[in-house]
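# Summary of structural features
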Amino acid sequence: MLLLGAGIGVLTRKTVDNSDMQRQIMTWASNLETVKSVDCPPNVKEKAGDNYDCKVTFEAGHVATVHVVQEDNHGKYQMYWSPAIASGPQAAAMVSASLTGTWKGAAVDCGKGILDVPDAGLSCSVAQGAAREHVQLLIHDGNVSTRVQP
């Protein structure tokens, strides 16, 4: 008589270190403005391809979402704002860097505080002497572009 045995094992996955992730997001987000709090979901399993969202509350009251995409089962990840956001000065610097010709060095105003950058773009005003123009700042999948508003 031949006996076959089978073992049943339960694979347990590691969970994301929530406190560490919140600290990393707080440090990253502080490049824009002072962060009041970061809230990530508890007990997120480390699994390649899975993703989750964390909420960031800035001191001035703006609440934004950080989308975290897990690249592997060992803690490697990417994060980005969803939808895109920028601080007023950061947005102005991005538009300023794209200006050429007679507009190079023009004054750019995109607003103050933390700004949502909708898919249609964030409207910024550009002034060079008496000349005025409106430029859209676009941020898609981490790529920044600008276009003159019609």
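What counts and what doesn't
- Just so you know, the residues in each chain are numbered from 1, in the order the chain's sequence is written.
- pLDDT decides what is reported in this predicted model: residues at 70 or higher carry local features, side-chain atom pairs at 80 or more are listed and counted, and totals for whole chains, interfaces and linings draw on all residues regardless.
- Remark: hydrogens and water are excluded; side-chain values derive from all non-hydrogen atoms of the structure.
- Nine residue types can take part in a nonpolar core, namely buried Ala, Val, Leu, Ile, Met, Phe, Trp, Tyr and Cys, and a core is a set of them joined through side-chain atoms within 4.5 Å.
- We call a residue buried when its accessible area falls under 20% of the maximum for its residue type, exposed when it is over 50%, and partly exposed in between, using a 1.4 Å probe and counting protein chains only.
- Helix and strand assignments come from DSSP, with helices taken as H or I runs of at least 4 residues and strands as E runs of at least 2, each series counted from the N terminus.
- Note on contacts: a residue pair qualifies if any of its non-hydrogen atoms lie within 4.5 Å across the two residues.
- In short, DSSP must find at least two bridges between two strands for them to pair.
- For every element, the axis is a line fit to its C-alpha atoms; helices are fit only across the contacting stretch, and the angle between N-to-C directions ranges from 0 to 180 degrees.
- Pairs of cysteine sulfur atoms within 2.5 Å are identified as disulfides in what follows.

So, about the nonpolar core. With 20 residues, the main nonpolar core has I25, V56, F58, V68 and W81 as its most contacted residues. For this core, the secondary-structure elements that each account for two or more residues are α1 (18-29), β1 (35-39), β2 (51-58), β3 (63-70) and β4 (77-81). For this core, the element with the highest residue contribution is β2, accounting for four residues. If near-sequence neighbours (up to four positions away) are discounted, W81 is found in contact with W28, A29, L32, V56, F58, A64, T65 and V66. Membership of the second largest hydrophobic core comes to 17 residues, among which are L99, L115, L122 and V126.

Here we take up the sheet that holds β3. With antiparallel pairing, four strands are arranged side by side in an open sheet as β1-β2-β3-β4. Of all strands in the sheet, those with a lone pairing partner are β1 and β4, marking the two edges. Neighbouring strand axes in the sheet, compared pairwise and without regard to direction, differ in orientation by 25 degrees on average. As defined by bridge partners, β2 adjoins β3 across seven bridges and the pair is classed as antiparallel. Counted as the bridge partner of V56 is A64 from β3.

Attention now moves to the state of the cysteines. Overall, the coordinates contain two disulfides when judged by the stated rule. Two residues, C40 and C54, share a disulfide whose sulfurs are 2.1 Å apart. Taking the sign of the S-S torsion, 115 degrees for the link of C40 and C54, the bridge is right-handed. Residue C40 is found in the loop between β1 and β2, and its partner C54 is found in strand β2; the two are separated by 14 residues along the sequence. The disulfide partner of C110 is C124, and the gap between their sulfur atoms is 2.0 Å. Handedness here is read from the sign of the S-S torsion; for C110 and C124, about 110 degrees, the answer is right-handed. Here the residue C110 occupies a position in the loop between β6 (107-109) and β7 (114-116), and C124 occupies one in strand β8 (residues 122-128), the gap between them amounting to 14 residues. Here C110 and C124 have matching classes, each one buried. When the bonded cysteines of the protein are numbered from the N-terminus onward, they pair as 1-2, 3-4.

Functional significance is not addressed by these values, which are geometric in nature.
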